[in-house]
Amino acid sequence: ADPGNMALSAGLAEVCLASGQVARALTIARAAIQGREDAASAPMTMIYGDALARSGRQVEATRAYAAAVKRDQSLIGKIIERLQQVLQVDTGIESAHVTLGRLVINEGRVAQGVASLMTAWSIKGDLATLILKDLEHTARRHPAEPSVDMARAQLLTAAGDPEGAA
């Protein structure tokens, strides 16, 4: 397929995925998105993530999904579903929990998003500073959401800052 023809490449990559030709799908998708970070490349980036996930490369799939939704926010619902599938395969991918948490918070499901962020922190404790920033941003956007304050308090207490947690 001509890498410049994104629609043709996407269709071919999806057919390859559906027929179990995962390596071929990876090759087609990688060529099509090479050097592209625009909204038009977002669906192909998502397909690339699908091919990575099918090949057992869940962490790389998570990165591709995050890149796809960054390029085109209209993919948020599809990316949330895919991240949930990634986490069904491997619950220990902290980056999938962080990305999922951010996306569901963005969709207004704050408590679910905060829970996902806190799961990421439980997997990798040095994410505390990053997650605190996410929680502070979320608190400004959703000031009445108690799960945000409880999560901030838990992180600050664990960091040895009980006054900040109060």
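Every chain's residues receive numbers from 1 upward, in the order its sequence appears when written. Owing to the predicted nature of the model, reporting of local features is limited to residues with pLDDT of at least 70; listing and counting of side-chain atom pairs is limited to 80 or more, with chain, interface and lining totals taken over all residues. Each side-chain value is derived from all of the structure's non-hydrogen atoms; neither hydrogens nor water enter the calculation.

**Student:** Which residues make up the nonpolar core, and what values go with them?
**Tutor:** What makes a nonpolar core is a set of buried Ala, Val, Leu, Ile, Met, Phe, Trp, Tyr and Cys residues whose side-chain atoms join them at distances within 4.5 Å. Summary of the burial criterion: residues with accessible area below 20% of their type's maximum are buried, those above 50% are exposed, and those between are partly exposed, where the area comes from a 1.4 Å probe applied to protein chains only. If you look at the biggest cluster of nonpolar residues, it comprises 37 residues, and the most contacted ones within it are M44, Y48, Y65, I79, L83 and L103. Breaking this core down by element, the ones donating at least two residues are α1 (6-18), α2 (22-33), α3 (42-54), α4 (58-71), α5 (76-89) and α6 (94-106). With eight residues, α3 is the largest single contributor of residues to this core. Among residues more than four places away in sequence, those in contact with Y65 are M46, G49, D50, A53, I79, R82, L83 and V86. I105, V110, V114 and L132 belong to the second-largest nonpolar core, a separate cluster that totals 17 residues. Where helices and strands are cited, they refer to DSSP runs of H or I of at least four residues and of E of at least two residues respectively, numbered from the N terminus. Whether two residues are in contact is decided by their heavy atoms: any pair within 4.5 Å suffices.

**Student:** Outline the pattern of salt bridges, listing residues and values.
**Tutor:** Note on definitions: salt bridges are taken to be side-chain nitrogens of Lys or Arg within 4 Å of carboxyl oxygens of Asp or Glu. Tallied over the full model, the rule gives six salt bridges. Residue K124 pairs with E94 through a salt bridge whose shortest N-O separation is 4.0 Å. Of the two residues, K124 is situated in the loop between α7 (110-123) and α8 (128-141) and E94 in helix α6; the sequence distance between them amounts to 30 residues. Accessibility expressed as a relative area gives 22% for E94, which makes it partly exposed. E136 is the partner of R152 in a salt bridge, and the nearest nitrogen-oxygen pair spans 3.8 Å.

**Student:** Give a detailed account of α7, specifying residues and quantitative values.
**Tutor:** Here the expected span of a helix is defined as 1.5 Å times the quantity of residues minus one. Helix length check: α7 (14 residues) gives 20 Å between terminal C-alpha atoms against 20 Å at 1.5 Å per residue, within 8%. Buried within α7 are the following residues: V110, G113, V114, S116, L117, M118, A120 and W121.

**Student:** Tell me about the packing of α4 against α5, and please be specific about residues and values.
**Tutor:** Think of two packed helices as two axes; the pair is described by the angle between the axes and how far apart they sit. Only the stretch in contact is used when a helix axis is fitted, and all axes are lines through C-alpha atoms; the angle between N-to-C directions ranges over 0 to 180 degrees. Across the interface, α4 lies against α5 with an axial gap of 10 Å and an inter-helix angle of 170°. Viewed along their axes, α4 and α5 adopt a mutual orientation that is roughly antiparallel. In this structure, α4 uses Q58, T62, Y65, A68 and V69 to contact α5, whose residues at the interface are I76, I79, R82, L83, V86 and V89. Of the residues belonging to the contact of α4 with α5, the class tally is eight nonpolar, two polar and one charged. We call two directions roughly parallel when the angle between them is under 35 degrees, roughly antiparallel when it is over 145, roughly perpendicular when it lies between 65 and 115, and oblique otherwise. Each residue receives one of three labels: charged for Asp, Glu, Lys and Arg, nonpolar for Ala, Val, Leu, Ile, Met, Phe, Trp, Tyr, Cys and Pro, and polar for the others, Gly being one of them.

**Student:** Lay out the packing of α5 against α6 in plain terms, naming residues and giving numbers.
**Tutor:** Direction vectors running N to C along α5 and α6 enclose 145°, while the axes themselves pass 10 Å from each other. By crossing handedness, the relation of α5 to α6 is classed as left-handed. For the pair α5 and α6, the contacting residues are I76, I79, I80, L83, Q84, V86 and L87 in the first and A96, H97, T99, L100, L103, V104 and N106 in the second. Its residues assigned to classes, the contact of α5 with α6 comprises ten nonpolar, four polar and no charged. Working rule for handedness: look at the near helix, and if it is turned counterclockwise from the far one by less than a right angle, call the crossing left-handed; if clockwise, right-handed.

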